[in-house]
Amino acid sequence: INCRYTESNKNEIESSRIDSTRIIGEAIGNCKTPPGLWINFSAIAIYKNSIEVTNDEFSKKQGNGFMYEVCKKWEDTFNYFQLKSTRKITLRVSVVMGKTGGMFPTLLPLVKFGLGGTAGKGNQMVSWIHETDLCRMIEFFIQTKTCNGVYNASAPHPVSNAQLMQTFRKVCRVPFGIPTPEPLVKLGALLMGTEPSLVLDSSNIIPRKSLSEGFTFQYPTINVCLKSLV
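Residues take numbers from 1 onward in each chain, read along the sequence in its written order. Side-chain atom pairs in this predicted model are given and counted only at pLDDT of 80 or more, local residue features only at pLDDT of at least 70, and totals for whole chains, interfaces and linings cover all residues. The basis for every side-chain value is the complete set of non-hydrogen atoms in the structure, without hydrogens or water.

1. Concerning helix α9 (residues 222-229)
- Every buried residue of α9 is accounted for by Ile222, Cys225, Leu226 and Leu229. In an axial view of α9, the angular spread of the buried residues amounts to 90 degrees, which keeps them on one side of the axis.
- By definition in these notes, contact holds between two residues if any of their heavy atoms fall within 4.5 Å. Helix and strand assignments follow DSSP, with helices taken as H or I runs no shorter than four residues and strands as E runs no shorter than two, numbered in order from the N terminus. Against β3 (95-97), α3 (103-112), β5 (128-130), β7 (159-160) and α5 (161-172) lie the buried residues of α9. Only protein chains enter the calculation, and the probe is 1.4 Å; a residue is then buried if its accessible area is under 20% of its type maximum, exposed if over 50%, and partly exposed in between. Here the arc refers to the set of directions running from the helix axis out to each C-beta atom.

Dropping the structure here:
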């Protein structure tokens, strides 16, 4: 999704998720010995953008826009398949923090060069998960046979963009970060070939369901998470 939402890119984003889910569902349906568990990814774009109100797996208000539509079709395709012998889990994944891809290696050099200030107003919420906890959560679902349905793959403590960047600067021992007003965020996104919504949208998500069923996070706070990666 780190691209401009041209018609060509939107078609590729949609088909890569929906067509693959349909093909896997059809394959499982034709298995003489079907797998015991099918975990299918989705994304937290399914939820309504929110700053003050926290969303969990039981929230009813849904999002809007292109990525919401993709997630809705993606989950509808997954839910179409009624598989008696296969347990099914929809994993709505937030921003994954890891060294080799995604947000962390993009922001790290900006922070180190003094450009790690707030983006836009800075009050937009960021829901995230450490890559290790994402893998641990999947392992938990495999081992815990009672788990099924929708789960949020996000840490229990979402942060504002301002808090995220402040913590980033702290763990990198950088005393300041030049803020980026919204018009400059949009200009920068255009020059980088991506969408400003990835930075300016607000996702305030918690993993209520997995916590209630016994999953524990190794990296529950953004401070602990970033310290492990820097």
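2. Side note on the sheet that holds strand β1 (residues 37-43)
- As summarised here, the arrangement of the three strands in space is β1-β2-β6, forming an open sheet in which the pairing is parallel. In this open sheet, the two strands that pair with only one neighbour each are β1 and β6 (149-153). Ignoring strand direction, the axes of neighbouring strands in this sheet form an average angle of 25 degrees.
- Two strands pair under a simple rule: DSSP has to find at least two bridges between them. Two strands pair when backbone bridges link them, and β1 and strand β2 (residues 87-93) are joined in this way by seven bridges, in the parallel orientation. The residue bridging Trp38 from the neighbouring strand is Lys88, located in β2.
- Orientation is described by axes fitted as lines to C-alpha atoms, over the contacting stretch for helices, and by angles from 0 to 180 degrees between their N-to-C directions. Its contacts with the sheet place helix α2 (residues 66-80) against β1 and β2, and it is angled at close to 165 degrees to β1.

3. Things to note about the packing of α3 against α5
- Axis separation between α3 and α5 bottoms out at 10 Å; the angle between their running directions is 65 degrees. When the axis of α3 is compared with that of α5, the two are roughly perpendicular. Judged by the twist between their axes, the crossing of α3 over α5 is right-handed. Each of Met103, Phe104, Leu107, Leu108 and Val111 in α3 lies in contact with α5, whose residues at this interface are Leu164, Met165, Phe168, Arg169 and Cys172. Throughout this description, any angle smaller than 35 degrees is read as roughly parallel, any larger than 145 degrees as roughly antiparallel, any in the 65 to 115 degree range as roughly perpendicular, and the remainder as oblique. Crossings are classed by handedness, with left-handed meaning an anticlockwise turn of the near helix from the far one by less than a right angle and right-handed meaning a clockwise turn.

4. Regarding the packing of α5 against α9
- As a packed pair, α5 and α9 sit with axes 10 Å apart at the nearest point and diverge in direction by 40 degrees. Overall, the two elements α5 and α9 adopt an arrangement that is oblique. The element α5 and its partner α9 pack so that their crossing is right-handed. Where α5 approaches α9, its residues Leu164, Thr167, Phe168 and Val171 are matched on the opposing element by Ile222, Asn223, Leu226 and Lys227.
- Here the nonpolar group is Ala, Val, Leu, Ile, Met, Phe, Trp, Tyr, Cys and Pro; Asp, Glu, Lys and Arg are the charged ones; every other residue, Gly included, is treated as polar. Classifying every residue of the contact of α5 with α9 by side-chain character gives five nonpolar, two polar and one charged.

5. A look at the packing of aromatic side chains
- Geometry of aromatic contacts follows a simple scheme: Phe, Tyr and Trp rings, the Trp one being its six-membered ring, pair when their centres are within 6.5 Å, and the pair is stacked under 30 degrees between planes, edge-to-face over 60, tilted otherwise. For the structure on display, the rule yields nine aromatic pairs.
- Between the aromatic rings of Phe141 and Tyr151, the centroid separation amounts to 4.5 Å while the plane-to-plane angle is 45 degrees, which identifies the pairing as tilted. Residue Phe141 is found in helix α4 (residues 131-143), and its partner Tyr151 is found in strand β6; the two are separated by ten residues along the sequence. A single burial state applies to Phe141 and to Tyr151, both of which are buried.
- Of the aromatic side chains, those joined through ring pairs into one cluster are Phe140, Phe141, Tyr151, Phe215 and Phe217.
- We call a charge positioned above a ring when the Lys NZ or Arg CZ atom is no farther than 6 Å from the ring centre and deviates by at most 35 degrees from the ring normal. Arg17 extends its terminal NZ or CZ atom over the ring of Trp74, reaching a point 5.4 Å from the ring centre.
- In this arrangement the basic side chain of Lys209 is found over the ring face of Tyr151, its NZ or CZ atom lying 4.4 Å from the centre.

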